[in-house]
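So you can see what is in the structure, the chains are spelled out below.
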Amino acid sequence: MEFNNIEEFFKELLNVIDEMIKENPDNPELYINKGHCLVNFNRLNEAEECYSKAIFLESSAVNYITRGVFYQNQNLFELSRNDYQTAIKIDNKNADAYLFLGVAYHKLDCYDEALKSFKKAKKYGNSYAADICIAKTLASLRQYENALSILNKTILLYPDCSDGYFQRGILRMKIPAILNKKSSAISFEKEFELCTKFFNKDQTKLAVKDFKKAISLDKTNSEAYHQLINAYEKLGQKNNAIKTLIKIDKDNPIENLIDFTKITTSFCIKLENDLYKANKTERAIDICSAFIKNNRDNAKIYILRGNLHYIMGNFKEASDDFYTARDLGLDSCDLFLKIGAVDYQNEKYLDALQNLNIATEKDSMQECDKIYYYRGLVKMALQQYRDALDDIFVAISIN
């Protein structure tokens, strides 16, 4: 059986699991799997019921951890903490239970308890993840040197693990240039202000190396791409960020690599222009589309994608983008020129003439030759030859 998308796959999987539950209603694993499917459809209340049913059928540490992770993903950290604690009562040597319990404590700002849990996780076998979490917790306590020391040791032990380099890069980005070992005496608000004003340039340069190493080990590490952009921007090196993004494998969906809710419009526009110059127009369109998914009211990006579609000869798509930009409130001379031009390409001559007339009204100083050139072409298509010649002559005189 072939599926057109992941939603169809999970829908069919859910049907199969329901049939299996009818035949074997006391199998807890089936309810766990059904819960996972329901989460993919955002049917969270039903998913919770399935995880709870699995626990009712089998009160195992694994089942409590599974529901705890579900609660944690919904930011219900007190509920997740309770489930992890129950899992530990059932199996007091379960490394995963201690690790997730530490994460819950960390989210609840209970850092001392988090450290105790992570150390237990390390004791019972989850050394790599525990060390990463210990370092993150120490950073939250502003014990930067201790956190950095742990991450350095972790990377030496696990040199091929992307997350170690990524977390070290994050840590280095947090270290302000003017803070020292006594930084714990400063309030969090004050430290944030100092980090913003006096970022540590040397540490940020080292962070760039860590993020690039993390990406080389895991090209799907989306947060590493974002943090690399952030680091380059702090260093005033936007061009380096763009060069890095241009090298991304075109088969890897750009929205999986970059969090476009954190990218500024001006940076996105510069990125598009550089991609176009690098003969990567289709890639530029992909990035525009990903940006629009998270910024649907940004008229400038619709215009930018429309320009790219126009260059590629995708006139219908270009028209959709230009009209959307107009509907979002833009009414510039340039926009109506673009709409008129693309209407001409789509052989909608009356619409093209109407939009080009609006552009002409906005170009009261007769400074844009393209308006009159396109309007001349449209009038020729409408067999208004005398008027067409007048417009063509105006275009020539401006040029």
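Quick note: structure is the one above.
This text gives an overview of the structure that appears in the document.

Cut-offs applied
- Residues numbered from 1 in each chain as written.
- Predicted model: local features only at pLDDT ≥ 70, side-chain atom pairs only at ≥ 80, totals over all residues.
- Heavy atoms only, no water.
- Salt bridge = Lys/Arg side-chain N within 4 Å of Asp/Glu carboxyl O.
- Buried < 20%, exposed > 50% of the residue type's maximum accessible area, 1.4 Å probe, protein only.
- Helix = DSSP H or I, 4+ residues; strand = E, 2+ residues; numbered from the N terminus.
- Contact = heavy atoms within 4.5 Å.
- Phe/Tyr/Trp six-rings, centres within 6.5 Å; stacked < 30°, edge-to-face > 60°.
- Axes fitted to C-alpha atoms, helices over the stretch in contact; angles between N-to-C directions.
- Parallel < 35°, antiparallel > 145°, perpendicular 65-115°, else oblique.
- Left-handed = near helix turned anticlockwise from the far one by under 90°.
- Nonpolar A, V, L, I, M, F, W, Y, C, P; charged D, E, K, R; others polar.
- Expected span 1.5 Å × (residues − 1).

## Regarding the pattern of salt bridges
- For the coordinates displayed, the defined rule picks out 15 salt bridges.
- Linking K122 and D131 is a salt bridge whose minimum nitrogen-to-oxygen distance equals 3.0 Å.
- By relative accessible area, which is 39% here, K122 ends up partly exposed.
- The exposure class assigned to D131 is buried, which follows from its relative accessible area of 7%.

## Here's the deal with the environment of A104
- Inspection of the secondary structure puts A104 in helix α6 (residues 95-107).
- According to the relative accessible area criterion, A104 is buried, its value standing at 0%.
- Sequence spacing of A104 and G68 is 36 residues, and the spatial spacing of their C-alpha atoms is 9.3 Å.
- Excluding residues that lie within four positions of it along the chain, A104 makes contacts with Q72, F77, S80, R81 and Y84.

## Considerations on the side chain of R168
- For R168, the location among the structural elements is in helix α10 (residues 162-174).
- For R168, a relative accessible area of 13% gives the class buried.
- Excluding its chain neighbours within four sequence positions, the residues that come into contact with R168 are L148, L151, N152, I155 and D210.

## Quick notes on the packing of aromatic side chains
- Per the stated rule, a full pass over the model turns up 10 aromatic pairs.
- Judged by centre distance (5.9 Å) and plane angle (50°), the ring pair of F166 and F211 falls under tilted. Of this pair, F166 sits in helix α10 while F211 sits in helix α12 (residues 201-217), and the two are 45 residues apart along the sequence.
- The buried category is assigned to F166, whose relative accessible area is 9%.
- Between Y344 and Y349, the ring centres sit 5.9 Å apart and the planes meet at 50°, which makes this aromatic pair tilted.

## Brief notes about unusual backbone geometry
- Positioned with a positive phi, N75 is a non-glycine residue whose angle comes to about 65°.
- Turning to its location among the elements, N75 is positioned in the loop between α4 (61-73) and α5 (77-90).
- You will see that Q383, though not glycine, has its phi angle at about 65°, which is positive.
- Checked against the element boundaries, Q383 lands in the loop between α21 (369-381) and α22 (385-398).

## A short note on the packing of helix α20 (residues 349-362) against α21
- Where α20 contacts α21, the two axes come as close as 10 Å, and the packing angle between them is 150°. By the angle class used here, α20 and α21 are roughly antiparallel. As α20 packs across α21, the resulting crossing turns out to be left-handed. Contact residues: Y349, A352, L353, L356, N357, A359 and T360 in α20; I371, Y372, Y374, R375, V378, K379 and A381 in α21.
- Considered class by class, the residues forming the contact of α20 with α21 number 10 nonpolar, two polar and two charged.

## Notes on α10
- Its 13 residues place the ends of α10 19 Å apart at the C-alpha level, agreeing with the 18 Å of an ideal helix rising 1.5 Å per residue.
- Where burial is concerned, most of α10 is hidden: 11 out of the 13 residues are buried.
- Regarding α10, the residues found buried are S162, G164, Y165, F166, Q167, R168, G169, I170, L171, R172 and M173.
- Here the buried face of α10 lies against α8 (127-140), α9 (144-157), α12 and α13 (222-234).

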